[in-house]
Amino acid sequence: MTWLRHSLPVRVFIYETLEGSPSQLRHKRQRTQTCRSSFHPFNFRMAQNHPVVSHCMTITLILMSTLVCQSKLLNDPLYRELLSLPIASDLHIDPESIAEASVDFGLIVREIPAVVLRPSHPEDIAVLVAFANSKSSIPFTISARGCGHSVRGQAMARDGVVVDMTSLGNKTAVSWSQSLGHYADVGGQQLWINVLEETLKHGVTPVSWTDYLYLTVGGTLSNAGISGETFRYGPQISNVYEMDVITGTGHFFSCSPHKNPELFYSVLGGLGQFGIITRARIALGQAPKRAMWVRMLYSDFSAFTTDQERLISLHGRDRDEALDYVEGQLFMRRNSDSWISFFSLSDRPRLMSLLTEHELLYCIEVAKFYDERTRSTVDKDLKTILKDLSHIPEFLFQKDVGYVDFLNRVRAEELTLRELGLWNVPHPWLNLFVPKSRIADFNTGVFKNIVLRKNITTGPVLIYPMNNDKWDDRMSAVIPDEDVFYTVGFLLSSGFKDWQEFDLQNKEVLLFCEDNGIKVKQYLPNYSSEREWMQHFGPKWRAFQESKARFDPKMLLSPGQRIFNQN
């Protein structure tokens, strides 16, 4: 998977929310206007064709504005009040800290916090939350931030406190029990790549992943954590035995299906609304050594989905004849940078010729993991699994790669883009769960109409099915009410000047689904009104509200999601 290179002039956008009593609103408005006076939209023509300069200007603008803010923040009543706490030495208002906490991977929304907390221990977070809940004379919100890989400001807290979870360091402990087998206790701030590296030392590994490993455990568990392994092992939230959580009242709780179950199930997929995850106990399995990685091309969408659904029907966790990974992509000329590198130079001309003939191609991507025990049978097993599929016969491509190399496949692309100065560009992403019964209509109306007509899609477009029975309905995450549903991810990259055009395409896709009665669910959802959130959660909305009232009654946590802290 690759994010497309793209760079255009810098443009800064600020979204503002004001909450509280009239006097508090006046105070916050004055502070917000003062601190944002240098943050109004800019457009630097000189950076138009130079991505490195463009990115540097973005950082410079943020630093300049935060320098103006810093002198104000030193006398800010909230900051001065927080200095009375035992965590005073971990509070930061320097320009670099504020700038980093004001932006995320999406580079679309910017929200300036008052303070950044870099905790030394989880107890430091509890001190902050408890103070906000019961003792502070100035209302403020709190957002836990891992790597900031959200795209719509979900990890931000305007005029509040952003907790930099990464300051807690690496904490992974691998254990075994008679009832659970191997498991790992990991900090919520841990990157999945670090979890992988530590568990491999013990010959074990998590079984459910995301496509990108430089995300935090707490971040993915607050959403779901999905990838090509989900059809077989379930999302990452289905592979958690236990958690430690700091709720919105500042209290520590250990929770599991048997201990504080309401908190446990609320937090998993709960978008950070009920607590901050400081530890998770993750299911592990035996670690394979290598992966047989295969891509097959289709010009017929019906054949493509029929074969995908057939492949995920073999989904027993312990079945040797099952695949370990199934995904799919939409191939088109406009997004060829996101998929062409997989194929050899000699294969690329005929691939592009086929694409010219059909305009759109569909690719099934699968992997079969193996180790020393199964090395001699993996080719035979894979051949058996893939026989009788309806892909274009001469367009099947296979690689034999290391297990870690396969899981960490996106990292190489990221490093290339970083070297070119093209990683830090706007990412107007849209991720949907589409019911199996309407996926053909989605193909006709979205891929063959909207996407081709607009011809702006850059970056990967993922499309692959999942099994409903691998999800636990007690969790906060929501999915379509069908046995099989599809993930469709528009993982788009744009320039600073034209991300709105991509956003308009996303809105057109959503409008098409609404007008045609396709009951999609957003993954990594982004809504601006209570009505939209109610529709998103559906029958789960009442329970979601009740959990918020119980675990975060003052609505302190994760204001950037805009569920209970709306504009």
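The protein chain appears in an unreviewed UniProt entry as cytokinin dehydrogenase from Eucalyptus globulus. Reading the Catalytic activity (unreviewed entry) entry of the UniProt record for the protein chain gives the comment "N(6)-dimethylallyladenine + A + H2O = 3-methyl-2-butenal + adenine + AH2". Check the Sequence similarities (unreviewed entry) section of the UniProt entry for the protein chain; it says "Belongs to the oxygen-dependent FAD-linked oxidoreductase family."

Participant: For the nonpolar core, give the residues involved together with the corresponding values.
Facilitator: One finds L221, M243, F406 and W471 to be the most contacted residues of the largest nonpolar core, which totals 85 residues. Those residues within four positions of M243 in sequence are excluded, and the remaining contacts are F253, S254, C255, F264, V267, L268, I277, R279 and A280. Core analysis: the second largest hydrophobic core is formed by 47 residues, L432, I439, I450 and V451 among them.

Participant: Residues and numbers for the environment of G234, please.
Facilitator: Tracing the backbone through its elements, the reader meets G234 in the loop between α8 (230–233) and β8 (240–247). By relative accessible area, G234 is classed as buried at 0%. In contact with G234, not counting residues within four places along its chain, are S208, E229, N239 and K470.

Participant: Please give an account of the pattern of salt bridges that cites residues and values.
Facilitator: Applying the stated rule across the entire model yields 26 salt bridges. The salt bridge partner of E111 is R158, with a shortest N-O separation of 2.7 Å. Of this pair, E111 sits in the loop between α4 (95–101) and β2 (115–117) while R158 sits in the loop between β3 (142–145) and β4 (161–164); the two residues are 47 residues apart in sequence, bridging distant segments of the chain. R158 carries the same exposure label as E111, and that label is buried. For R281, the salt bridge identified is with D185, shortest N-O distance 2.9 Å. One end of the pair, R281, is in strand β10 (residues 275–286); the other, D185, is in strand β6 (residues 181–187), with 96 residues separating them in the sequence. Each member of the pair, R281 as well as D185, is classed as buried.

About the cut-offs
Counting restarts for each chain, with residues numbered from 1 along the sequence as it is written. Two thresholds apply to this predicted model, a pLDDT of at least 70 for residue-level local features and 80 or more for giving and counting side-chain atom pairs, whereas whole-chain, interface and lining totals are computed over all residues. The basis for every side-chain value is the complete set of non-hydrogen atoms in the structure, without hydrogens or water. UniProt positions are given in the numbering used here, feature names are shortened, and annotations may be inferred rather than shown by experiment. For the purposes of this section, nonpolar cores are sets of buried Ala, Val, Leu, Ile, Met, Phe, Trp, Tyr and Cys residues that join through side-chain atoms within 4.5 Å. The buried label applies to any residue whose accessible area, calculated with a 1.4 Å probe on protein chains only, is under 20% of its type's maximum; exposed applies above 50%, and partly exposed to all values in between. Note on definitions: a residue-residue contact is assigned when non-hydrogen atoms from the two residues lie within 4.5 Å. Starting at the N terminus, helices and strands are each numbered in turn, a helix being any DSSP run of H or I of at least four residues and a strand any DSSP run of E of at least two. Salt bridges are defined by distance alone: a side-chain nitrogen of Lys or Arg within 4 Å of a carboxyl oxygen of Asp or Glu.

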